Amino acid sequence: DKLPALMCGDHLAEVIRTNVGGDLTFQEAFDRTGKILNIPVREFDATGRTGRVKAAAAPRLLNYLTAPHVVVWSASRASCAVPGVFAPSP
């Protein structure tokens with residue numbers, strides 16, 4: 001079951017992927033530009049279906065040091081997950 005959302009997260013993911021140049025990882029982005037890209041994410045309580053951010057979940061900062069092999073568009077998509085607007089990715 002997907003959580004209800006106003007906007008299509010799959011479309012958002014495709015737009016982001018196109019704009020960042022495909023399946024580029026944080027490490028590849030840093031190697032190409034020499035600039036550090038930081039994307040904040042938070043844990044989402046999908047198990048309880050409460051649609052709320054877990055109180056104990058601290059934000060995580062993804063970049064080439066903390067998550068070098070994570071694909072940038074995927075991290076950006078996760079960062080955009082707002083309950084009721086863009087549902088979190090499975």
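Residues numbered from 1 in each chain as written. Predicted model: local features only at pLDDT ≥ 70, side-chain atom pairs only at ≥ 80, totals over all residues. Heavy atoms only, no water.

Draft legend 1. Expanded view of the packing of helix H1 (residues 9–20) against helix H3 (residues 72–79). In contact at an axis separation of 9 Å, H1 and H3 are set at 140° when each is read in the N-to-C sense. When the axis of H1 is compared with that of H3, the two are oblique. As H1 packs across H3, the resulting crossing turns out to be right-handed. Within the contact between the two elements, H1 uses Gly9, Leu12, Ala13, Ile16, Arg17 and Val20 and H3 uses Val72, Trp73, Ser76 and Arg77. Residue composition of the contact of H1 with H3, by class: six nonpolar, two polar and two charged. (Axes fitted to C-alpha atoms, helices over the stretch in contact; angles between N-to-C directions. Helix = DSSP H or I, 4+ residues; strand = E, 2+ residues; numbered from the N terminus. Parallel < 35°, antiparallel > 145°, perpendicular 65-115°, else oblique. Left-handed = near helix turned anticlockwise from the far one by under 90°. Contact = heavy atoms within 4.5 Å. Nonpolar A, V, L, I, M, F, W, Y, C, P; charged D, E, K, R; others polar.)

Draft legend 2. Looking closely at the side chain of serine 76. Residue placement: serine 76 occurs in helix H3. With a relative accessible area of 18%, serine 76 lands in the buried category. If near-sequence neighbours (up to four positions away) are discounted, serine 76 is found in contact with Ile16 and Ile39. (Buried < 20%, exposed > 50% of the residue type's maximum accessible area, 1.4 Å probe, protein only.)

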